[in-house]
Amino acid sequence: MEAAAKRSRAILAVVVISLISGASLVHAGDIVHHDDKAPTRPGCDNNFVLVKVSTWIDDKEEGEVVGVGARFGLTLESKEKDAHKTRIALADPPDCCTTPKNKLTGEIILVHRGKCSFTTKANVAEAAGASAILIINNRTELFKMVCEADEPDVNIGIPVVMLPQDAGESLKQSLQKKTNVFVQLYSPKRPLVDVAEVFLWLMAVGTILCASYWSAWSAREAAIEQDKLLKDASDEYLGTEASYSSGVVEITTTSAIVFIVVASCFLLVLYKKMSYVFIEILVVLFAIGGAEGLQTCLVALLSCFRLLQNAAKSFIKVPFLGAVSYLTLGVSPFCVTCAVLWAVYRRYHFAWIGQDILGVALIITVIQIIQVPNLKVGTVLLSCAFLYDIFWVFVSKWMFHESVMIMVARGDKSGEDGIPMLLKIPRMFDPWGGYSIIGFGDIILPGLLVAFSLRYDWLSNKSLRDGYFLWTMIAYGLGLLITYVALNLMDGHGQPALLYIVPFTLGTFITLGIKRGDLRHLWTKGEPNRICPHVRLQSSEE
C-alpha cells in the first residue's frame, strides 16, 4: 500500500478543507445595489444600478465603460436597441454648479464632481437643456449619488450617471480635441436563468455523485475483504479495521466545531490581509491540492483497466514518499503540468476550464478521504456551517459595513479576480458578462453527508428506494436549485448556499430516519461495519 502517499493526502485534505472555508458562496455579480442606509423620499428612491456607457468618437466605436446610476433622476432603458446615441458636450464651467455658458440642445453634459450637490448639478443641467448628465468622479471607484438630507423634494427628469475618473477624463480629452463624441446609456437586466448556472448545478451534483459512489465502493470492498478474513478465523485479523481506512480522516463532533472556528478565523485573516501576495500563496496551495487530487482520481480510474492493474499494484520506493506505484509515477508529471499551466495562465479568459478540472478532482478526493462516521457528526458539522455561512455573508455587514464572504470570494482588495477555491463558468448570455461561481464548501460539506448516506445504504444492503442516498441527493439538488432562484431574485447578489442546502439535505435525512425508526442507529453508530468488527456482512457468495 502507498501508506506515505495516503498520509500526505489526508494531511493535504485537512489543509484544503480549511482553505475552502473562504469559498462557501454562490455568486453572479451585482448589477442592482439595494441600499437601506441612503435617504429616500419621493423623487429620490431609485435603486443604484450599473450603467453601460458605449462610446463613439468621429463615428468610430471605441468600446464601453461602466458607470452607476443615481438615487434620483430618470431611469434608463434596459435594452440597447431602445437607447439613443447622443452627442456629449463638456460643461462650462466644468462643475456645472451654475448655468452653463454653452447652449445645449439635448446633448449629454459631462461635468466634474464637487463644489455643489449632485442634485444641484442635475437641476442646472436639465434647466440648460441637457438630456442626461455624466458626472466624473474624483477617484477610479464609483460613488453612490444620493440626495442631501436637508434638500426639498427632488423632481429631476434626466438620467444621472457617475463615471470612474479614468473613463471620464478620457472622454474629456476627446472633447477637448474638438472631436464628435457620442454615447449610448442603458442598464440591461440579467437573464432570469443563465446557462452557466445550469452547468454549475450539474457540475456540483455530478461531483458529489461521483465522490459518493467512490467512497461507498471503497467502504464495501474493505468490508468484503474484512469479511473474508473473518471467515478464515485468523485471530491476527480479528478486530482489525478495513485497509482502506488507513488513508481516511474521520471527523468527530469536536473537530467539526473546531473546523468552523478555524475557518472563521482564516476567513477573517483573508479579509483583513487580502493582498496580491496572499492570493499568490492561495494559488500555490490550490495548485498543489489540485495536482494531488487529479493524480488520486486518475490513478483510481486507470487502475480499473486490466492492462494497467499490474502497474497499479507494482511499487517502487521513492525517497521521502515511501512505496509509490508505477502508475502513480506515470500520471504524476501530467498532473503537475496541468496545475502549473493553470497557475501560469490563470488570468486568461480560458483559465476557468483548468480551475474547474483541478477543483472537481480536489473535491472528489477530499470527500473520499475525509468522512463523516455518523449522522450526529454530520448534523453538528452542517449546522455549524449553516450558521457560519449566514454570519459571514449577512451578519458581517453590520460589523464590517460589507459582506466579508463576498469581499473575500471576489478578491476585491487583492487586485486579482478572486480566490481560486471556486468552481466558475462564464455567464454566456448575460449582457454584463462575468462568471457564475460556487464555493468548494457548498459542495464538500453537504457532500460528506451524502457520501455517508450511500455508504450506509450499501453496507446495510438497502435498495436505492428504501435507502437514504437517493432522497438526500435529490434534496441537495433542490437546495442548490433554490439557491440559484434566490440568486436571480436578488439580481446576482451573492447568496450563502448552505442557507438553503443544509435544511433540505439534513432535514430530509433526519426526517426519513425518524419515519423509518433508524435515527438512533444512524445518530450514534453510523455505518454497519463500525458497530462491531466481528459482525459478518452478507456477500454475494453466500
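Residues numbered from 1 in each chain as written. Predicted model: local features only at pLDDT ≥ 70, side-chain atom pairs only at ≥ 80, totals over all residues. Heavy atoms only, no water.

Looking at the overall build of the protein chain
A count of helices and strands for the protein chain gives 15 helices and 15 strands. Out of the 542 residues in the protein chain, the part that is buried amounts to 52%. For the protein chain, long-range pairs separated by at least 24 residues make up 75% of all intrachain contacts whose partners lie at least 6 apart in sequence. Of the accessible surface of the protein chain, which amounts to about 25,300 Å², a share of 61% is contributed by carbon and sulfur atoms. (Helix = DSSP H or I, 4+ residues; strand = E, 2+ residues; numbered from the N terminus. Buried < 20%, exposed > 50% of the residue type's maximum accessible area, 1.4 Å probe, protein only. Contact = heavy atoms within 4.5 Å. Areas by Shrake-Rupley, 256 points an atom, 1.4 Å probe, with all protein chains shown as cover.)

A closer look at the environment of L134
Within the secondary structure, L134 sits in strand β7 (residues 132–136). A relative accessible area of 0% means that L134 is categorised as buried. C-alpha separation for the pair L134 and R113, spaced 21 residues apart in sequence, amounts to 9.7 Å. Dropping the residues within four chain positions of it, L134 is found in contact with I88, I108, I109, L110, V111, V161, L163, V183 and L185.

Observations regarding the nonpolar core
Counting residues in each nonpolar core, the largest one holds 89 residues, and the members touching the most others are L423 and Y476. Dropping the residues within four chain positions of it, Y476 is found in contact with A204, V205, I208, D442, I443, P446, I501 and T505. Listed in part, the 26 residues of the second largest apolar core include A89, I109, A122 and A128. (Core = buried A, V, L, I, M, F, W, Y, C linked by side-chain atoms within 4.5 Å.)

Focus: the pairing of strand β8 (residues 160–163)
Of the two faces of β8, both are covered, the one formed by V160 and M162 as well as the one formed by V161 and L163. Direction of pairing for β7 relative to β8: parallel, over a ladder of 4 bridges. Each bridged residue has a counterpart across the sheet, and for L134 the counterpart in β8 is V161. (Pairing = 2+ DSSP bridges.)

Topic: the packing of helix α9 (residues 351–369) against helix α12 (residues 441–459)
In the contact formed by α9 and α12, the axes pass within 10 Å of each other and the chain directions differ by 45°. Put simply, α9 runs oblique to α12. Taken as a pair, α9 and α12 cross one another with a handedness that is right-handed. Between α9, through I363, V366 and I367, and α12, the contact on the second element is made entirely by I443, I444, G447, L448 and A451. Class assignment for the residues of the contact of α9 with α12 results in 7 nonpolar, 1 polar and no charged. (Axes fitted to C-alpha atoms, helices over the stretch in contact; angles between N-to-C directions. Parallel < 35°, antiparallel > 145°, perpendicular 65-115°, else oblique. Left-handed = near helix turned anticlockwise from the far one by under 90°. Nonpolar A, V, L, I, M, F, W, Y, C, P; charged D, E, K, R; others polar.)

With respect to the state of the cysteines
Per the stated rule, a full pass over the model turns up 2 disulfides. Linked covalently through their sulfurs, C44 and C147 form a disulfide whose S-S length is 2.0 Å. Between C44 and C147, the disulfide has an S-S torsion of 120° and is therefore right-handed. Placement of the pair is C44 in the loop between β2 (32–33) and β3 (48–57) and C147 in the loop between β7 and β8, with a sequence separation of 103 residues. Exposure class is identical for C44 and C147. Each is buried. (Disulfide = S-S within 2.5 Å.)

Considerations on the confidence of the model for the protein chain
Within the protein chain, residue pLDDT values average 83, and 84% of them lie at 70 or more. Per-element averaging of pLDDT across the protein chain places β2 at the bottom with 48 and helix α14 (residues 498–516) at the top with 95. Residue range residues 237–245 is modelled with pLDDT below 50. Its contacts to residues more than four positions away, or to other chains, number 18 contacts. Predicted confidence is poor over residues 531–542, with pLDDT under 50, and the contacts of this stretch with residues over four places away or in other chains come to 21 contacts. (pLDDT = per-residue confidence, 0-100.)

Some details on the pattern of salt bridges
Going through the model one piece at a time under the given rule, you end up with 7 salt bridges. K115 is paired through a salt bridge with D95; the nearest N and O atoms lie 3.7 Å apart. Of the two residues, K115 is situated in the loop between β6 (108–112) and α2 (118–127) and D95 in the loop between β5 (85–90) and β6; the sequence distance between them amounts to 20 residues. Residue classification places D95 among the buried positions, given a relative accessible area of 13%. The residue E280 makes a salt bridge to R347 at a minimum N-O spacing of 3.5 Å. (Salt bridge = Lys/Arg side-chain N within 4 Å of Asp/Glu carboxyl O.)

What about helix α3 (residues 165–176)?
Helix length check: α3 (12 residues) gives 16 Å between terminal C-alpha atoms against 16 Å at 1.5 Å per residue, within 8%. Looking only at α3, the buried set comprises A167, G168, L171, K172, S174 and L175. Along the long axis of α3, the arc covered by the buried residues comes to 160°, so they all point the same way. One or two residues past the end of α3 sits K178, with phi positive at roughly 65°. (Expected span 1.5 Å × (residues − 1). Arc of directions from axis to C-beta.)

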